[in-house]
Amino acid sequence: MTRPPALLSTDKINLKFKLYEGVAHVLKDVSLEVYPHEHVAVVGESGCGKSVTLRVILGLLDRRRAQISGTVHFQGRALSEGDYRALRGQDITMIFQDPMASLNPTFTIGDQLRSVLARTGVKQQAEQNRRVQQALLNVSIADPERVMAAYPFQLSGGLNQRVLITMALLSRPKLVLADEPGTALDVTVQKQTLSLMEALVREEGAAILLITHNLGVVREFAHRVYVMYAGMIVEEGTTEELFNAPKHPYTQALLASVPRLSGEALPTGIDGTVPDYTNPPEGCRFHPRCPYARAACQQDVPQVQISQTHRVNCVLYAAPPLPEAAHG
Ligand code: SF4
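Let me sum up the structure you'll find in this document. Just so it is clear, the model here is predicted, and its values are computed rather than measured. (Residues numbered from 1 in each chain as written. Predicted model: local features only at pLDDT ≥ 70, side-chain atom pairs only at ≥ 80, totals over all residues. Heavy atoms only, no water.)

## Observations concerning the environment of Thr 108
So the rule is basically this: Under the DSSP-based scheme used, a helix requires at least four consecutive residues in state H or I and a strand at least two consecutive residues in state E, with every element numbered from the N terminus. Throughout this description, buried means an accessible area under 20% of the type-specific maximum (1.4 Å probe, protein chains only), exposed means over 50%, and partly exposed covers the range between. A contact between two residues is defined here by any heavy atoms of the two lying within 4.5 Å. A 3.5 Å cut-off defines polar contacts: any pair of N or O atoms within that distance qualifies, except that in protein one atom must be a possible hydrogen donor and the other a possible acceptor, and neighbouring residues in sequence count only when both atoms are side-chain atoms.
Of note, Thr 108 is situated in the loop between α3 (99-102) and α4 (109-119). Look at Thr 108 and you get buried, because its relative accessible area is 13%. Residues Thr 108 and Ala 149, spaced 41 residues apart in sequence, show a C-alpha to C-alpha distance of 5.8 Å. Other than its neighbours up to four places away in sequence, Thr 108 contacts Arg 114, Met 148, Ala 149, Ala 150 and Tyr 151. Engagement of the side chain of Thr 108 in a polar contact is seen with the backbone nitrogen of Asp 111, the distance being 3.1 Å.

## Here we look at the pairing of strand β6 (residues 92-95)
For clarity, the cut-off: Any two strands with at least two DSSP-identified bridges between them are counted as paired.
Here β6 shows a buried face lined by Ile 92 and Met 94 and a second buried face lined by Thr 93 and Ile 95. As judged from the four bridges shared by β6 and strand β7 (residues 175-179), these two strands associate in the parallel manner. Paired with Met 94 across the bridge in β7 is Leu 177.

## Quick notes on the sheet that holds strand β4 (residues 66-74)
Taken in spatial order, the four strands make up an open sheet running β2-β1-β4-β5, and their pairing is antiparallel. On the outer flanks of this sheet lie β2 (22-34) and β5 (77-78), each paired with one strand and no other. Inspection of the sheet shows β4 paired to β5 by two bridges, in the antiparallel sense. By the bridge assignment, His 73 is partnered in β5 with Ala 78.

## Notes on helix α7 (residues 157-170)
How we decide: What a helix is expected to span follows from its residue count: subtract one and scale by 1.5 Å.
With 14 residues, α7 should reach 20 Å at 1.5 Å per residue; the first-to-last C-alpha distance of 20 Å fits that figure. Most of α7 sits out of view: 13 of its 14 residues are buried. Arg 172 occupies a position one or two residues after α7 and carries a positive phi of about 50 degrees.

## Comments concerning the sheet that holds strand β8 (residues 207-212)
Here is the rule we go by: Orientation is described by axes fitted as lines to C-alpha atoms, over the contacting stretch for helices, and by angles from 0 to 180 degrees between their N-to-C directions.
Spatially, eight strands are ordered β6-β7-β8-β3-β9-β10-β12-β11 in an open sheet, and the strand pairing comes out mixed. Every interior strand has two partners, whereas the edge strands, β6 and β11 (303-305), have only one. Each strand of the sheet is rotated relative to its neighbour by a mean of 20 degrees, with strand direction disregarded. Across two bridges, the pairing between strand β10 (residues 232-238) and strand β12 (residues 311-313) is antiparallel. The residue of β12 that forms the bridge with Glu 235 is Val 312.

## Details of the nonpolar core
Rule in force here: Buried residues of nine kinds, namely Ala, Val, Leu, Ile, Met, Phe, Trp, Tyr and Cys, make up a nonpolar core once their side-chain atoms join them within 4.5 Å.
Counting 58 residues, the largest nonpolar core has Leu 8, Leu 15, Leu 27, Leu 32, Leu 175, Leu 177 and Leu 209 as the members making the most contacts within it. If you tally residues by element for this core, the top one is β2, at six residues. When residues no more than four places from it in sequence are discounted, the contact partners of Leu 15 are Ala 24, His 25, Val 26, Leu 27, Val 52, Val 56, Leu 61, Ala 66, Gln 67 and Ile 68.

Written as structure tokens, this is what we have:
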């Protein structure tokens, strides 16, 4: 089956920050794609570069501090600084992790939602109110007038999260970036949030790029998955491929670290921590923690195509097999 052109693609994004202790190479050659109507997840431990990838895609990083190379294409066009301003909040929107930190405490919810519509050219306040009320009803807020008149601090975390989803969908975006939506909320509201997002995005026909470390959410929600470790994509595939036949030792370790309700196997942690970005390991950045590491892992690691949709960056799958283990 031939795919339509990608809605979003990043090509070899590299991100570096100059710090007092040296240069931190935070993202290395990050290339990913999102196709129309797709739900794509990026997973990995905290600190592996997921959130910052979304910020690069949205052009939110301060270019005076961040050195960024590589390109971001949206609808086939390489984005420039000016494009970001035009796309943000309209064709591309973002749902941030913490609703309280994302909403402005000095404006009512109504003001903040109406301003989204004003930016898309809906200038009449009566029309803005009508659309905002309908959008709030769509996220199961039964009393939209009360919510519109309230300030964020007067609402619960769950309500504010719904407001954020409303805000992200109000401009009818083509792509929604979701950074751990609902992590700050309890699990039942989190589940509700994802179901709402899924239903609304399905109706609007948008695509979602979700980042999370919750593999249960990924299994339920995503069509395709990118696994990220220490600022690099180490494996990608359909959700089925990644969960049923993970190839990269890091993906395998991530899956093995999830507790199972059946209790059939105890979760195993991953020894060690994500490396220091000012002095990352050469070659495969996972090699200091990998039980299969060998000398070849400290050089450039090949990307191996397992199937049409499944790719892994690991010497274990390169042919012919590479030399024997250096340790472990
Ligand atoms: Fe382990 Fe080497 Fe594969 Fe990296 S490339 S995951 S160190 S076997």
